[in-house]
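# Fold and contact review
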Amino acid sequence: MDFLKSGLKTVLGAPETGQQPSVAETVERLVERASNSTLLEDRRDACRALKAMSRKYRLEVGAQGLDTLRQILELDRADNETVNYALDTLNNIVSPSQFEEEEDKPHIPMNIGDQFTEMFIKDPHNIQLVLDLLDEYDFRVRLSAVQLLVSVLTNRTKDIQEIILDKPMGVSKMMDLLADTREVIRNETLLLLIKLTKGNANIQKIVAFENAFDRLFEIVSSEGYSDGGIIVEDCLLLMLNLLKNNSSNINFFKEGSYIQKMLPMFNIPENSEEVGWSSQKVVNVHCMLQLVRTLVSPSNSIQIISSCQKIMKNVGLLDALCNILMASGVPADILTETINTVGEVVRGDATNQEFIGNVIAPSYPPRPAIIVLLMSMVNEKQPFALRCAVLYCFQCYLYHNEISQSNLVQTLLPSSSDVSSLTSGQILCGGLFSSDVLSNWFSAVALKHALIDNLTQKEQALRVLLATNIGSTPVSLLHQCTLLLQQTTKLQSKVALLMLLSTWTAGCPPAVAAFLGAPGGVPLLVHHAGSNEHDDNECLLQGLSAFLLAICIHFNDDSVASYSRDGLRQLLVKRIGVETFVAKLSDVSRHELYNKAAKHPQMRAASPADLLLDYEFCKLFKSLEGPLIESVCQTPGRSSPEPQLEQYKSLIRQQDARLQELVQQLETVTAHAQQLQSALNDSQAANSLLRDENTLLKAQVGSSGTDGTHEHEERIRQLTEEVRRMKEELEGARRSQERSREELDKMRRDQNDLLELLDDQDVKLNEYKMRLINLGQAVDEDNVVEPEDNLSSVNNKIVDGKDYIVTPPL
Amino acid sequence: MLLFSGVGKSCLLLQFTDKRFQPVHDLTIGVEFGARMITIDGKQIKLQIWDTAGQEAFRSITRSYYRGAAGALLVYDITRRDTFNHLTTWLEDARQHSNSNMVIMLIGNKSDLESRREVKKEEGEAFAREHGLVFMETSAKTAANVEEAFINTAKEIYEKIQEGVFDINNEANGIKIGPQHGGAGSGGGAPGAGGAPPGGCC
């Protein structure tokens, strides 16, 4: 404090005696001086004094000096020292941590740095000012600017990230600092980049684009890989930030052959056992393992995981990891993390799974590494985390791999057991029935993973027999599990066995039948499921029991008479009630540990007590919960299911018969229809053929004979007409002929009459002549004729003047 | 790659790296990385390609990728006149922030949609001539010219390396010598532009 006072004195001049200026006044004068003095030296001195005060009195300095300091960054850029003081002062003001000097000042709010940061970044231009100062080569200025950015980033990560992203070349500028030959700046830049890249994918990608991986690997290698100091750790942390949940960068990392570059990090020197592991080395290797896991994390996309896994195998990374597993003197937490990492590198990749299945541990006698790992899992003296890791690794080894699943079950089957060597199946069975609760849990879950989605192994496992006591008859594994479920009093064992049995029986009616056939199984489940205790973990037990019971109903093939599908359903409805049953099931999915386990394939249990549910079981539960509830609730008329069922059955039979009949009819009709169809087709074909022919012929006829026919027809018509006319003429002629003949006949008759008459006249005439002569009258011949005239007139009257009647002269 | 929203950059990249076409693609957020090995002059070259978002909102992010890119594909959509009209802005932006030697290729994408064409091929050619770019029309859907577009860009970069225009020891050029194949390089390439409304597929 004295030092501070004397410092102030030199800047401000001696205070008036007897009157100590308050801190606020002092700061006010300093700020005024820093902003208004014309002499650079004065401004610089003021800044120096402000910096000195800013740790203890940051509230005052910040409240009054923020604007002035900002202004100095802009206007006094040319003077490195002044700018440096201003930057340091600002850094003190916004610092996220509490200074020693402040400890006795309880009135300063805890988040004061945060508040000043908010004020400082209100104008984004201020950040630009600091970014511009990064271009300054001066060591102090550059370092202070980086430190200030680290502080503001710590306080306001998201806001600053957005501002920097918006500044052209903002991120690139920081990346350039990584190449600074002065290590202090490079190291501070690493810290800055770690803060900057946290949770912002866009910044992560730009940093990666700016060759971050190359530079970081250069630094890591120059620092001596895992034997390097905290800088190696920082580099690895930055890489982790760049890759975590960023598939674009993971792709880049993979395509840029950076996986190969990780290899030297996992080299364990021969003499590591004697040298031991420094704590920094442990941290570094831990980070590297995290890096590997980030690439193959189950939360990445399948394509990324599988291509990374293949590369890791091909470049020998998996080999190197296995070497760490087998090396001696490796610290337990590194070993644990290596086991987890190996698990994820092999998870779902058949080649890699086979590879670790074949790794032989350098033990005596030599044993497969898997066996050695499983032995640690069921050994209660091993650390809890390590045992969890082994389980996870073993799960990954079995994951989606029917061969490794079948290999495990095979070791349990009577025919194949090789008495001399310990098999994984034996270890797990031993663990299942050991007195160590955790071993029970681990073994049950491990066994369960051999059965997941694998109907063949579920059925194979039913054949597994155990000789519990010498001389007694062997018991099947499933019966033994059921028995154990009844005997054990430990919650963890019960839960583990229930999960194992649920997985086993789900989708596998023979396993359901075997379970129902085991004595005491169902009553126990009903007892648990119907119990009413409200302890959290009790609820879980009740829910799981109800779940298994429902599986036994849903996948029941009615082969066990005493527990048929309907019998069991009735039992459940009567003893537990549908609503209670549904509630019990939903209790499971509401359980805290359920949600925790369902998140990630690896269980993240902090303590042994947290080990209850596992990820794959949660998946099974989620997929079956709906169908099971439906299956249990499906008969509403619960009181008389049997007669109703019969009724339905007969109905179904009737319908079946009817269906059969209809099917036959349909077949006949279809055949008939087919025949008709083909006939129709033939006809249509013939028809169209004929039509074609017809058309063809018509065309021929049209082209060759049309005119002639017409002529003929015309002629025929004419002739017919003529004939007709002729006939008519003929008829007319005949008729007139007839008439003529009649007339002729009449004429002849008339003529004859007239001739007769004429004869009479002649006779008379002669008589008269005679008389005349006799009377003496000379009768001239001519006179004689006279009466002839009279006669002719008479003649005329008779013949009606016809000219051809000529009276012949007598 | 830098480009317009919805003009089909991501589909071009997908067609090039994975040889497949995906008609419905999420809008590119920020930048996505893709890579493929090609052979030029008997040398294995790994192309590293950054596919940038075309939207205006990502423009400041996109700018960070100009520096350090050896080549860029500037893509417009032949069925959308507005994407062609924005080219000048993008080109200026790219030239301003990039290495002056950056190879830029102009791409008219969606050449399969001839019936909806709004920008004539001649116009694209003229624009390219005027600004000294290489021009090509492609279809990410039918894969027409997609290989050529990327490989020609890579060839141009390769020639510039041979001529000594690019200093292969300076990483800021976006070129690295691969360890296992003598003389292999990787060209970070990216064309960009944006501003068009979101939505639409390539």
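Quantities reported herein were computed from a predicted structural model and do not represent experimental measurements. (Residues numbered from 1 in each chain as written. Chains lettered and ligands numbered in written order. Predicted model: local features only at pLDDT ≥ 70, side-chain atom pairs only at ≥ 80, totals over all residues. Heavy atoms only, no water.)

## Some details on the overall build of chain A
Just so we agree on the cut-off: Secondary structure elements are defined from DSSP: runs of H or I of at least 4 residues count as helices, runs of E of at least 2 residues count as strands, and each element is numbered from the N terminus. Radius of gyration here uses only the C-alpha atoms, and the compact-globule reference equals 2.2 Å multiplied by the residue count raised to the power 0.38. Each residue is placed in one exposure class: buried if its accessible area under a 1.4 Å probe, protein chains only, is under 20% of its type's maximum, exposed if it is over 50%, and partly exposed if it falls in between. We call two residues contacting when some pair of their heavy atoms lies within 4.5 Å. Surface accessibility in these figures is a Shrake-Rupley result with a 1.4 Å probe; residues are shielded only by whichever protein chains are displayed. Neither His nor the chain termini are counted; the positive set is Lys and Arg, and the negative set is Asp and Glu. Think of each charge as sitting on NZ of Lys, CZ of Arg, CG of Asp or CD of Glu.
For chain A, the count of helices and strands is 39 helices and four strands. Its C-alpha radius of gyration of 62 Å places chain A more than 25% over the 28 Å reference for a compact globule of 810 residues. When the 810 residues of chain A are sorted by exposure, 45% land in the buried category. Excluding contacts between residues fewer than 6 apart, the proportion of contacts in chain A whose partners are at least 24 apart in sequence is 70%. Here chain A has roughly 41500 Å² of accessible surface; of this, 52% comes from carbon and sulfur atoms. Across chain A, the 77 positively charged side chains and the 108 negatively charged ones have centroids separated by 7 Å.

## Regarding the environment of Arg-58 of chain A
All names here are of chain A. As for its placement among the helices and strands, Arg-58 is situated in helix α4 (residues 58-75). Among the residues examined, Arg-58 registers a relative accessible area of 2% and is labelled buried. For Arg-58 and His-527, which are 469 residues apart along the polypeptide, the C-alpha to C-alpha distance reads 68 Å.

## Concerning helix α12 (residues 201-209) of chain A
Residues spaced three or four apart along an α-helix point in a common direction, a consequence of the helix completing one turn every 3.6 residues. All names here are of chain A. The cut-off we apply is this: Two N or O atoms count as a polar contact when they lie within 3.5 Å, although within protein this holds only if one can serve as hydrogen donor and the other as acceptor, and sequence-adjacent residues are included solely when both atoms are side-chain atoms.
Burial within α12 is extensive, with eight of its nine residues counted as buried. The set of residues buried in α12 consists of Asn-202, Ile-203, Gln-204, Lys-205, Ile-206, Val-207, Ala-208 and Phe-209. The N-cap of α12, judged by a side-chain oxygen 3.1 Å from the amide nitrogen of Asn-202 a few residues on, is Asn-200.

## Some remarks on the interface of chain A and chain B
Worth spelling out the cut-off: Accessible area that two parts lose when put together, evaluated with a 1.4 Å probe and summed over both, is termed the buried area. When a carboxyl oxygen of Asp or Glu is within 4 Å of a side-chain nitrogen of Lys or Arg, the pair counts as a salt bridge.
Taken together, the 21 residues of chain A in the interface contact 21 residues of chain B. Across the interface of chain A and chain B, roughly 2000 Å² is buried in total on both sides, 49% from carbon and sulfur atoms. Counting the surface chain A buries against chain B, the share from its top three residues, Met-169, Phe-209 and Glu-255 of chain A, is 31%. At the junction of chain A with chain B, the criterion picks out four salt bridges. The closest approach of N and O atoms between Arg-67 of chain B and Asp-176 of chain A, which form a salt bridge, is 3.1 Å.

## Remarks on a negative patch on the surface
How we decide: Patch construction takes residues with relative accessible area above 30% that form no salt bridge. Like charges are linked within 9 Å, and nonpolar side chains (Val, Leu, Ile, Met, Phe, Trp, Tyr) are linked within 5 Å.
On the surface, Asp-750, Asp-753, Glu-756, Asp-759, Asp-760 and Asp-762 of chain A cluster together to form a negatively charged patch. Summarising the element assignment, Asp-759 of chain A is placed in helix α38 (residues 641-774).

## What to know about the packing of helix α35 (residues 578-590) of chain A against helix α36 (residues 592-599) of chain A
All names here are of chain A. The criterion, for reference: To get an axis, a line is fitted to the C-alpha atoms, and for a helix only the part in contact is used. The angle between two axes follows their N-to-C directions and goes from 0 to 180 degrees. Note on terminology: angles under 35 degrees are roughly parallel, angles over 145 are roughly antiparallel, angles of 65 to 115 are roughly perpendicular, and the others are oblique. Each residue receives one of three labels: charged for Asp, Glu, Lys and Arg, nonpolar for Ala, Val, Leu, Ile, Met, Phe, Trp, Tyr, Cys and Pro, and polar for the others, Gly being one of them.
In contact at an axis separation of 5 Å, α35 and α36 are set at 55° when each is read in the N-to-C sense. Taken together, the axes of α35 and α36 lie oblique to each other. Two secondary-structure elements touch here, α35 through Val-588, Ser-589 and Arg-590 and α36 through Glu-592, Tyr-594 and Asn-595. When grouped by side-chain class, the residues that make up the contact of α35 with α36 number two nonpolar, two polar and two charged.

## Quick word on the confidence of the model for chain B
In regions of low pLDDT, the predicted coordinates are not meant to be interpreted in detail. All names here are of chain B. Where we set the bar: The predictor attaches a confidence to each residue, called pLDDT, with possible values from 0 through 100.
Mean pLDDT over chain B stands at 76; residues scoring 70 or higher make up 75%. Confidence, expressed as mean pLDDT per element, reaches its minimum in chain B at strand β7 (residues 188-189) with 39 and its maximum at helix α5 (residues 121-131) with 93. For residues 1-5, every residue scores under 50 in pLDDT, and the model assigns this stretch 56 contacts once sequence neighbours within four places are set aside. Across residues 179-202, where pLDDT falls below 50, the model places 102 contacts with residues more than four positions away in sequence or in other chains. Scored by ipTM, the complex comes to 0.81, with pTM at 0.75.

## Section: the pairing of strand β3 (residues 43-52) of chain B
All names here are of chain B. For clarity, the cut-off: Here the rule is simple: two strands pair whenever DSSP picks up at least two bridges between them.
Counted residue by residue, β3 has eight buried out of 10 residues, so it is predominantly covered. Relative to β3, strand β2 (residues 31-40) runs antiparallel, the two sharing 10 bridges. Counterpart to Met-37 in the pairing with β3 is Lys-46. Hairpin remark: β2 followed by β3, antiparallel, with two residues in the connecting loop; positive phi at Asp-41, about 60°.

## Regarding the pattern of salt bridges
One pass over the full model with this rule turns up 45 salt bridges over all chains. Between Arg-36 of chain B and Glu-147 of chain B there is a salt bridge whose closest N-O contact spans 2.6 Å. Note that Arg-36 of chain B is positioned in strand β2 and Glu-147 of chain B in helix α6 (residues 146-163), a separation of 111 residues in sequence. The buried category is assigned to Arg-36 of chain B, whose relative accessible area is 16%. The exposure class assigned to Glu-147 of chain B is partly exposed, which follows from its relative accessible area of 27%. A salt bridge links Lys-110 of chain B to Asp-77 of chain B, with the shortest nitrogen-to-oxygen separation between them at 2.9 Å. Linking Lys-110 of chain B in the loop between β5 (103-109) and α5 with Asp-77 of chain B in strand β4 (residues 71-77), this pair joins segments that are 33 residues apart in sequence. With respect to burial, Lys-110 of chain B and Asp-77 of chain B carry one shared label: buried. It is possible to trace a salt-bridge network through shared partners that takes in Arg-44, Asp-45, Arg-48, Asp-79 and Glu-81 of chain A.

## Details of the packing of aromatic side chains
Residue and element names in this part refer to chain A. Cut-off, in case you're wondering: Only Phe, Tyr and Trp rings are paired, with Trp represented by its six-membered ring, and only when their centres lie within 6.5 Å; those with planes under 30 degrees apart are stacked, over 60 edge-to-face, the remainder tilted.
Scanning the model with the defined rule gives 21 aromatic pairs over all chains in all. Here Phe-217 and Tyr-258 contribute two aromatic rings whose centre-to-centre distance is 6.0 Å and whose plane-to-plane angle is 5°, an arrangement assigned as stacked. Taken together, the positions of Phe-217 in helix α13 (residues 212-222) and Tyr-258 in helix α16 (residues 258-262) put the pair 41 residues apart, joining distant regions of the chain. Summarising the burial analysis for this pair, Phe-217 and Tyr-258 share the class buried. Measuring from centroid to centroid gives 5.7 Å for Tyr-594 and Phe-621, while their planes differ by 70°, and the two rings are edge-to-face. Of the two residues, Tyr-594 sits in helix α36 while Phe-621 sits in helix α37 (residues 615-633), which places them 27 residues apart along the sequence.

## What to know about unusual backbone geometry
For Asp-558 of chain A, which is not a glycine, the phi torsion comes out positive at approximately 60°. Assignment of secondary structure puts Asp-558 of chain A in the loop between α33 (536-554) and α34 (565-575).

## A closer look at the environment of Tyr-768 of chain A
Within the secondary structure layout, Tyr-768 of chain A lies in helix α38. Expressed as a C-alpha distance, the spacing of Tyr-768 of chain A and Phe-581 of chain A, which sit 187 residues apart in the sequence, is 171 Å.

## With respect to the packing of α12 of chain A against helix α15 (residues 247-255) of chain A
Residue and element names in this part refer to chain A. In plain terms, the rule: By convention the crossing between two helices is left-handed if the near helix lies anticlockwise of the far one by an angle smaller than a right angle, and right-handed if it lies clockwise.
One way to put it is that α12 packs onto α15 with a least axis distance of 9 Å and a crossing angle of 20°. Compared by their axis directions, α12 and α15 come out roughly parallel. Of the two possible hands of crossing, α12 and α15 adopt the one that is left-handed. Contacts between α12 and α15 involve Gln-204, Lys-205 and Ala-208 on the former and, on the latter, Ser-248, Asn-249 and Phe-252. Classifying every residue of the contact of α12 with α15 by side-chain character gives two nonpolar, three polar and one charged.

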